[in-house]
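Listed below, chain by chain, are the residues.
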Amino acid sequence: MELEGLKRCSSELERFNVKVVVTDRHRQVGKWIRENWTQFSYHIKYTGMCKKLDSLAKKKSLSILKDWVQSLKCHLYWCALSSQTPEEKKQKWLPCVDHLQNVHDSCLHPPITREKVWLLPGILFYFFRLVELLTKTMFVNDVMKMSHLGQTSGVEAFHSVVNHFVPKMYYFSYKGMKSRIILAAMHYNENAGRPQKSGGYCLRKILVDTILLYILNQIFA
Ligand SMILES: [Zn+2]
């Protein structure tokens, strides 16, 4: 479905001055872009890689990874944003395997003073399996392709607005769905990037109230 969507919007995209394409780890999409859009620089988004780490941690034999998933995600993000070349990303990613064993010869961080539960090196099956997966050629190749230019959080925020206007649990006609998606786009354009409310103290991020002027504009247009 993703590939078909990309093919359908490819002619539209060519009208814009697109230089970089960032997608998730969809194999067919990546292959199609490499073969058909050779003029674009192709990257993989950070959240696409995080999904892979989450799926590894869900495996019974790798449940030990659960405690390390968040740290590995942060490391992955840092590798992507602090590097300019694919090789630099690879060289920053691979030492994470040593780091998990409390070996920091290749790490760039300052000395760790807080207590951490390190993984035991080399004696358990899970460890071999974990190292194999984190250093697998396919996974490392994807790390090298990770985007250091931009992420897709804006598109994901828009998708969550679309889910609000077009809940997946209900059936809508084509016309109904199209109208609701247009409404979602108007709502998103009007309210994306709202600033945080000022004054008071709260542990949660509270944004200023949403603006619904686009409804009035449509009614009185
Ligand atoms: Zn380290």
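This is a predicted model, so every value here is computed, not measured. (Residues numbered from 1 in each chain as written. Predicted model: local features only at pLDDT ≥ 70, side-chain atom pairs only at ≥ 80, totals over all residues. Heavy atoms only, no water.)

Visitor: Just checking my understanding: could you explain the environment of Arg180 for this structure?
Guide: Along the chain, Arg180 falls in helix 10 (residues 174–191). Using a relative accessible area of 33% as the deciding quantity, one classes Arg180 as partly exposed. A sequence separation of 145 residues divides Arg180 from Glu35, and the C-alpha atoms of the two residues are 35 Å apart. Setting aside chain neighbours within four positions, we find Arg180 in contact with Phe165, Val166 and Phe172. (Helix = DSSP H or I, 4+ residues; strand = E, 2+ residues; numbered from the N terminus. Buried < 20%, exposed > 50% of the residue type's maximum accessible area, 1.4 Å probe, protein only. Contact = heavy atoms within 4.5 Å.)

Visitor: Just checking my understanding: could you explain the pairing of strand 2 (residues 41–44) for this structure?
Guide: For a regular strand, side-chain orientation follows a simple rule: the groups alternate between the two sheet faces. Of the pairings in the sheet, the one linking strand 1 (residues 20–23) to strand 2 comprises four bridges and is parallel in character. Residue Val21 lies in a different strand from strand 2, and its bridge partner there is Tyr42. A crossover connection joins strand 1 to the parallel strand 2 through helix 2 (residues 27–36); in handedness this β-α-β unit is right-handed. (Pairing = 2+ DSSP bridges. Right-handed = clockwise from strand over helix to strand, strands pointing away.)

Visitor: What am I meant to see in the coordination of the zinc ion here?
Guide: A metal bound by six donors in octahedral fashion has ideal angles of 90 or 180 degrees, whereas one bound by four tetrahedral donors has an ideal angle of 109.5 degrees. In the first shell of the zinc ion, the protein supplies His99 (ND1), His104 (ND1), Cys107 (SG) and His109 (NE2), at 2.0 to 2.2 Å from the metal. Coordination at the zinc ion is tetrahedral, judged from the four donor atoms that bind it and the angles of 96 to 122° they form at the metal. (Donors = N, O, S within 2.8 Å, 3.2 Å for Na, K, Ca; no water. Tetrahedral: all angles 85-135°; square planar, octahedral: opposite > 155°, others 65-115°.)

Visitor: What am I meant to see in helix 10 here?
Guide: Two residues of an α-helix separated by three or four positions point the same way, owing to the 3.6 residues in each turn. For helix 10, which comprises 18 residues, the first-to-last C-alpha distance of 26 Å matches the rise-based estimate of 26 Å (1.5 Å per residue) to within 8%. Within helix 10, burial applies to Ala184, His187 and Asn191. Within helix 10, the buried residues cover an arc of 65° as seen down the axis, which keeps them to one side. Across helix 10 from its buried face, at more than 90 degrees, point the exposed residues Tyr174, Lys175 and Asn189. (Expected span 1.5 Å × (residues − 1). Arc of directions from axis to C-beta.)

Visitor: Which parts of the structure should I look at to understand unusual backbone geometry?
Guide: For residues that are not glycine, phi is negative in most cases, and the peptide bond is trans in most cases. For Asn102, which is not glycine, the phi torsion reads 65° and is therefore positive. Residue placement: Asn102 occurs in the loop between helix 6 (96–100) and helix 7 (125–134).

Visitor: Would you explain the domain arrangement of the chain in this entry?
Guide: Accessible area lost on assembly of the parts is the figure often given for the size of an interface. What the domain assignment lists for the chain is domain 1 (1–44), domain 2 (46–151) and domain 3 (172–219). The centre of domain 1, based on its C-alpha atoms, is set 28 Å off from the matching centre of domain 3. (Domains from an automatic or database assignment.)

Visitor: Got a minute to help me understand the side chain of Ser10 in this structure?
Guide: As for its position among the elements, Ser10 is in helix 1 (residues 2–13). At 2.7 Å, the side chain of Ser10 forms a polar contact with the backbone oxygen of Lys7. In this structure Ser10 touches Trp32 and Trp37, once residues within four positions along its chain are discounted. (Polar contact = N/O pair within 3.5 Å; in protein donor to acceptor, adjacent residues only side chain to side chain.)

Visitor: What should I look at first to understand the state of the cysteines in this one?
Guide: Covalent bonding between the sulfur atoms of two cysteines is what defines a disulfide. The tally for this structure, following the rule as stated, stands at zero disulfides. There is no disulfide at Cys50, and the cysteine sulfur nearest it, in Cys74, is 8.7 Å away. By relative accessible area, Cys74 is classed as partly exposed at 43%. (Disulfide = S-S within 2.5 Å.)

Visitor: Just to check I follow, could you spell out the pattern of salt bridges for this structure?
Guide: Side chains carrying opposite charge are able to pair once their charged atoms draw close together. Inspection of every chain in the model, using the stated rule, returns eight salt bridges. With its nearest N and O atoms 3.2 Å apart, the salt bridge here joins Glu88 to Lys92. Within this pair, Glu88 and its partner Lys92 are both found in helix 5 (residues 86–93), separated by four residues, close to a single helical turn. Here Lys92 falls in the buried class, since its relative accessible area comes to 14%. (Salt bridge = Lys/Arg side-chain N within 4 Å of Asp/Glu carboxyl O.)

Visitor: Is there a simple way to think about the packing of helix 3 (residues 46–58) against helix 4 (residues 69–81) in this case?
Guide: Between two packed helices, both the angle of their axes relative to each other and the distance between the axes serve to describe the pair. Running from N to C, helix 3 and helix 4 cross one another at 155°; their axes reach a closest spacing of 10 Å. When the axes of helix 3 and helix 4 are compared, the pair comes out roughly antiparallel. Considering how the two elements wind past one another, helix 3 and helix 4 form a crossing that is right-handed. When helix 3 is examined against helix 4, the residues Tyr46, Met49, Cys50, Leu53, Asp54 and Ala57 are found in contact with a partner set consisting of Val69, Leu72, Lys73, Cys74, Leu76 and Tyr77. (Axes fitted to C-alpha atoms, helices over the stretch in contact; angles between N-to-C directions. Parallel < 35°, antiparallel > 145°, perpendicular 65-115°, else oblique. Left-handed = near helix turned anticlockwise from the far one by under 90°.)

Visitor: Explain helix 4 here, please?
Guide: For helix 4, spanning 13 residues, the distance from its first C-alpha to its last is 18 Å, which sits close to the expected 18 Å at 1.5 Å a residue. Burial in helix 4 covers these residues: Val69, Leu72, Lys73, His75, Leu76, Cys79 and Ala80. On an axial view of helix 4, the arc spanned by its buried residues comes to 165°, and they lie on one face.

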